[in-house]
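What follows is each chain in one-letter form.
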Amino acid sequence: KPFDLFERECQVLRDLQHPAIPRYLDQFASDTTGEFFLVMELVDGEPLSRRFGRAGMTEPELRALLLQALDILEYLHARHPPVVHRDIKPSNLIARPQRPDSPLALIDFGGVRLALQPDGGSTMIGTFGYMAPEQLHGEATPATDVYALGATLAALAAGTPAERLPRRGLTIDLPAVLPPSPLRDVLAQMLAPEPAQRLPDAAAVRRALAR
């Protein structure tokens, strides 16, 4: 339901205070058209999807990007209840080289869900190629964002959208995208199709990277 998603986005954004998340400013409705409007801080930068068609990101670039994204997701996943974005993908990650304090921003919270709270029925939110398998059934936990971030990094490594990545069954074929490395091992744990076998949240991903 678009109106329910809009109300949820407003509720969540009002409470979020993070330099990499656009600030909620206002919301209003048009009596003439019945449309609802959300006013947010303008995020100036380039979406990472602009990199598609160029050479894939190098491993140091991918690792730096992963750490920046984890800063944002750790903030969301540590809230009570955790906030699950549900639509992490390159076009929703904005590179801001002019902001060295926060060089990456996450936008589009229209599909956000408060984990552990009733959702009023199953709603499938996400983008094919980046969606975790459980999202097809309307399920979402912090591990859902972990999967989407893993798929985002795999796509940026290959320089192509995630839906075009080679797969083996439900699993993205990482060996066809990246050479062996500790980073690839972590991405494999992020991209496990079964949620119980996946790294459960952003903090767990950071711990795995530090091993």
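For the structure, check the block above.
Residues numbered from 1 in each chain as written. Predicted model: local features only at pLDDT ≥ 70, side-chain atom pairs only at ≥ 80, totals over all residues. Heavy atoms only, no water.

A. Structural context of the overall build of the protein chain. Broken down by element type, the protein chain carries five helices and nine strands. Taken from the N to the C terminus, the helices and strands of the protein chain come in the order α-β-β-β-α-β-β-β-β-α-β-β-α-α. Against the globule reference of 17 Å for 211 residues, the protein chain gives a C-alpha radius of gyration of 17 Å, in line with a compact fold. Taking the principal axes of its C-alpha atoms as reference, the protein chain extends roughly 55 × 40 × 30 Å. The proportion of buried residues among the 211 residues of the protein chain is 48%. Partitioning the intrachain contacts of the protein chain with sequence separation of at least 6 by distance along the chain shows that 62% fall at a separation of at least 24. Accessible area of the protein chain: about 10400 Å², with a carbon and sulfur share of 54%. Side chains of the protein chain give 22 positive and 26 negative charges; the mean places of these two sets differ by 5 Å. (Helix = DSSP H or I, 4+ residues; strand = E, 2+ residues; numbered from the N terminus. Rg over C-alpha atoms; globule rule 2.2 N^0.38 Å. Buried < 20%, exposed > 50% of the residue type's maximum accessible area, 1.4 Å probe, protein only. Contact = heavy atoms within 4.5 Å. Areas by Shrake-Rupley, 256 points an atom, 1.4 Å probe, with all protein chains shown as cover. Lys, Arg positive; Asp, Glu negative; His and termini not counted. Charge placed at Lys NZ, Arg CZ, Asp CG, Glu CD.)

B. The arrangement of helix α4 (residues 182–190) in detail. By the burial criterion, the buried members of α4 are Leu183, Arg184, Val186, Leu187 and Met190. Projected down its long axis, α4 carries its buried residues within an arc of 160°, all on one side. Next to the buried residues of α4 lie α2 (59–77), α3 (142–158) and α5 (202–210). (Arc of directions from axis to C-beta.)

C. The environment of Leu199, seen in detail. Here Leu199 shows up in the loop between α4 and α5. Through-space distance from the C-alpha of Leu199 to that of Ala210 is 14 Å; in sequence the pair is eleven residues apart.

D. Spotlight on the packing of α2 against α3. Two elements in contact, α2 and α3, have axes whose closest approach is 11 Å; the angle formed by their N-to-C orientations is 160°. With respect to each other, α2 and α3 are oriented roughly antiparallel. Crossing geometry of α2 relative to α3 is assigned as right-handed. Of the residues in α3, those in contact with Leu62, Leu65, Leu66, Ala69, Leu70, Leu73 and His77 of α2 are Pro142, Asp145, Leu149, Leu153, Leu156 and Ala157. (Axes fitted to C-alpha atoms, helices over the stretch in contact; angles between N-to-C directions. Parallel < 35°, antiparallel > 145°, perpendicular 65-115°, else oblique. Left-handed = near helix turned anticlockwise from the far one by under 90°.)

E. Broad picture of the sheet that holds strand β5 (residues 93–95). An order of β3-β5-β6 is seen for the three strands of this open sheet, with the pairing classed as antiparallel. Strand pairing shows two members of the sheet lacking a second neighbour, β3 (46–47) and β6 (104–106), which therefore form its edges. Bridge count between β3 and β5: two bridges; the pairing is antiparallel. Bridging across to β5, Pro47 finds its partner in Ile94. (Pairing = 2+ DSSP bridges.)

F. Examining the side chain of Asp173 more closely. Residue position: Asp173 is located in the loop between β9 (171–172) and α4. In contact with Asp173, other than residues within four places in its own chain, are Pro166, Arg167 and Arg168.

G. Main features of the pairing of strand β1 (residues 24–29). Strand direction decides the pairing type here: β1 and strand β2 (residues 36–40), joined by five bridges, are antiparallel. Its bridge partner lying in β2, Ala29 is registered against Phe36. Taken together, β1 and the strand that follows it, β2, pair antiparallel across an intervening segment of six residues, in which Gly34 is found at a positive phi of about 80°.

H. Spatial organisation of the packing of aromatic side chains. Counted according to the given criterion, the structure contains one aromatic pair. The ring of Tyr24 has Arg14 lying over it, and the distance from NZ or CZ to the ring centre is 5.5 Å. (Phe/Tyr/Trp six-rings, centres within 6.5 Å; stacked < 30°, edge-to-face > 60°. Lys NZ or Arg CZ within 6 Å of the ring centre and 35° of its normal.)

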